[in-house]
Amino acid sequence: INPDKPALDVFKEIQSEHPSPESLIPDVAKNLEQIRKFVSAHKLVTIPSDVRAQVRETPQYRRATSFASMDTPGPFENRATEAFFYVTPTEAEWSDKQKHEWLTSFNYYTSDIVSIHEAYPGHYVQFLRLNASPASKVEKIFGSYAFIEGWAHYCEKMMVDEGYGSAAGSTPSEEEVKKAAKYRLAQADESLLRLCRLCVSIKMHTQNMTIDEAKKFFQDNCYYEEKPARAEAMRGTFDPGYLNYTLGKLEILKLRYDYEAQQGKEFSLLKFHNELLNHGMPPIRLLRELMLKDKSKWNDVL
């Protein structure tokens, strides 16, 4: 992107490329259909419904605890089909500095990574496949945190690995190469964020880390600005399970490598992802029993 500057300085420049408070929702929504088409065109997972997720502002009562989220109908809902991809806006009473800090986390590259996580092929597609799957009622009710968030977080890396954000032609321009690299850097920072959550969760609940120390940890280690870093620290006080994003992603990657070795030439991402999402939302250790024939590999979760 810029070989003459340190990586952190380059990332800070990417963070500054963000929507205005007024354009946040339409800017997040504008690439959602493009992302969905990429999933289908590259045969990454079968999307069993044409109903689109709708981007909306996070309801006021959820804003203190949510940066972005997916709200889908319940597993036994047979009338409502709407699903809402909630994005938390700035508040009118915030200073201009606080608004800028919040919006850095919705820079144009990170916001697409968030859309991948929340909608296609992340949470929303997982919900659609769950509803369309032969999973039992019990399997549709009870879910593993590591599976649900691990799948969505895994999708971020998988989509960039498969070429999302890269030029389609064989001879990309310099600008197209830089654009692809910006997506990769944004995705890497989202991984750093989840690693910070893992560390903060353990430190906060077992080693007396304070909220201010947690905020600084996010600032120092995933380079968040103060406003979003504090929101991440506050979440750790009531959601110690947010360490599961990284844990689940690593478990799914291990299952994918072992499944690919088992299937050989018959392996495809489409087949793997469809099979993965057909069994409800179980702990990934149980999926190893369902998907791997070699019993000696069942306990090798990571």
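Thresholds, definitions, all that
Residues numbered from 1 in each chain as written. Predicted model: local features only at pLDDT ≥ 70, side-chain atom pairs only at ≥ 80, totals over all residues. Heavy atoms only, no water. Phe/Tyr/Trp six-rings, centres within 6.5 Å; stacked < 30°, edge-to-face > 60°. Buried < 20%, exposed > 50% of the residue type's maximum accessible area, 1.4 Å probe, protein only. Lys NZ or Arg CZ within 6 Å of the ring centre and 35° of its normal. Helix = DSSP H or I, 4+ residues; strand = E, 2+ residues; numbered from the N terminus. Contact = heavy atoms within 4.5 Å. Patch = residues over 30% accessible without salt bridge, like charges linked within 9 Å, V, L, I, M, F, W, Y side chains within 5 Å. Areas by Shrake-Rupley, 256 points an atom, 1.4 Å probe, with all protein chains shown as cover. Salt bridge = Lys/Arg side-chain N within 4 Å of Asp/Glu carboxyl O. Core = buried A, V, L, I, M, F, W, Y, C linked by side-chain atoms within 4.5 Å. Disulfide = S-S within 2.5 Å. Axes fitted to C-alpha atoms, helices over the stretch in contact; angles between N-to-C directions. Parallel < 35°, antiparallel > 145°, perpendicular 65-115°, else oblique. Left-handed = near helix turned anticlockwise from the far one by under 90°. Nonpolar A, V, L, I, M, F, W, Y, C, P; charged D, E, K, R; others polar. Arc of directions from axis to C-beta. Polar contact = N/O pair within 3.5 Å; in protein donor to acceptor, adjacent residues only side chain to side chain.

### Topic: the packing of aromatic side chains
This structure, assessed with the given rule, holds 14 aromatic pairs. Note on phenylalanine 84 and tyrosine 86: the rings are 6.0 Å apart at their centroids and 5° apart in plane angle, and the pair reads as stacked. Judged by its relative accessible area of 10%, tyrosine 86 is buried. With a centroid separation of 5.8 Å and 80° between ring planes, the pair formed by tyrosine 120 and tyrosine 124 is classed as edge-to-face. According to the relative accessible area criterion, tyrosine 120 is buried, its value standing at 1%. For tyrosine 124, a relative accessible area of 0% puts it in the buried group. Each residue in the set Phe38, Tyr109, Tyr164 and Tyr183 is aromatic and connected to the rest through ring pairs, giving one cluster. Stacked on the ring of tyrosine 245, the Lys or Arg arginine 197 has its end atom at 4.7 Å from the ring centre.

### Section: helix 4 (residues 96–104)
For an α-helix the count is 3.6 residues per turn, leaving residues at separations of three or four pointing the same way. Of all the residues in helix 4, the buried ones are Lys99, Glu101, Trp102, Leu103 and Thr104. Buried-residue contacts for helix 4 involve helix 1 (7–15), helix 2 (24–29) and helix 11 (226–238).

### A word on a nonpolar patch on the surface
Taken together, Phe76, Val138, Ile141 and Phe142 make up a surface patch of nonpolar side chains, about 440 Å² in accessible area. Tracing the chain through its elements places phenylalanine 76 in the loop between strand 2 (68–71) and strand 3 (84–87).

### Overview of the nonpolar core
Grouped together as the largest cluster of nonpolar side chains are 60 residues, with contacts concentrated most on Phe85, Tyr120, Tyr124, Tyr154, Met159 and Leu276. The dominant element in this core, judged by the number of residues it contributes, is helix 8 (residues 145–161), at seven residues. Setting aside chain neighbours within four positions, we find tyrosine 154 in contact with Lys249, Ile252, Leu253, Arg256, Leu269, Phe272 and His273. With 14 residues, the next largest nonpolar core counts Leu193, Met204, Phe218 and Tyr242 among its residues.

### Remarks on the state of the cysteines
In this structure the tally under the stated criterion is zero disulfides. Between cysteine 199, a cysteine without a disulfide, and cysteine 196, which holds the nearest cysteine sulfur, the sulfur-to-sulfur distance is 6.5 Å. Not engaged in a disulfide, the cysteine cysteine 222 finds its nearest cysteine sulfur in cysteine 196; these two sulfurs lie 4.2 Å apart.

### Thoughts on the packing of helix 12 (residues 244–263) against helix 13 (residues 269–276)
Contact geometry of helix 12 with helix 13 gives a least axis separation of 11 Å together with a crossing angle of 125°. Here helix 13 runs oblique to helix 12, going by the angle between their axes. Pair helix 12 / helix 13 crosses with right-handed handedness. Of the residues in helix 13, those touching helix 12 at Ile252, Leu255, Arg256, Tyr259 and Gln263 are Leu269, Lys271, Phe272 and Leu276. Across the contact of helix 12 with helix 13, the residue classes tally to six nonpolar, one polar and two charged.

### Section: the packing of helix 5 (residues 108–118) against helix 9 (residues 174–206)
Direction vectors running N to C along helix 5 and helix 9 enclose 60°, while the axes themselves pass 8 Å from each other. As judged from the angle between their axes, helix 5 and helix 9 are oblique. The handedness of the crossing between helix 5 and helix 9 is right-handed. Here helix 5 contributes Tyr108, Tyr109, Thr110, Asp112, Ile113, Val114 and His117 to the contact with helix 9, which in turn contributes Lys179, Lys182, Tyr183, Ala186, Gln187, Glu190 and Arg194. The residue makeup of the contact of helix 5 with helix 9, split by class, is six nonpolar, three polar and five charged.

### Let's talk about helix 11
For helix 11, the complete set of buried residues consists of Pro228, Ala229, Glu232, Ala233, Arg235 and Gly236. Taken down its axis, helix 11 places every buried residue within 155° of arc, on the same side. Of the surrounding elements, those touching the buried residues of helix 11 are helix 4, helix 8, helix 9, helix 10 (211–221) and helix 12.

### A word on the environment of asparagine 278
Secondary-structure assignment places asparagine 278 in the loop between helix 13 and helix 14 (284–291). Assessed through its relative accessible area of 23%, asparagine 278 is described here as partly exposed. For the pair asparagine 278 and valine 114, spaced 164 residues apart in sequence, the C-alpha separation works out to 24 Å. Not counting the four nearest positions on each side in its chain, asparagine 278 is found in contact with Arg129, Ser133, Pro134 and Ala135. Polar contacts involving the side chain of asparagine 278 include one to the main-chain carbonyl oxygen of asparagine 274, which spans 3.3 Å.

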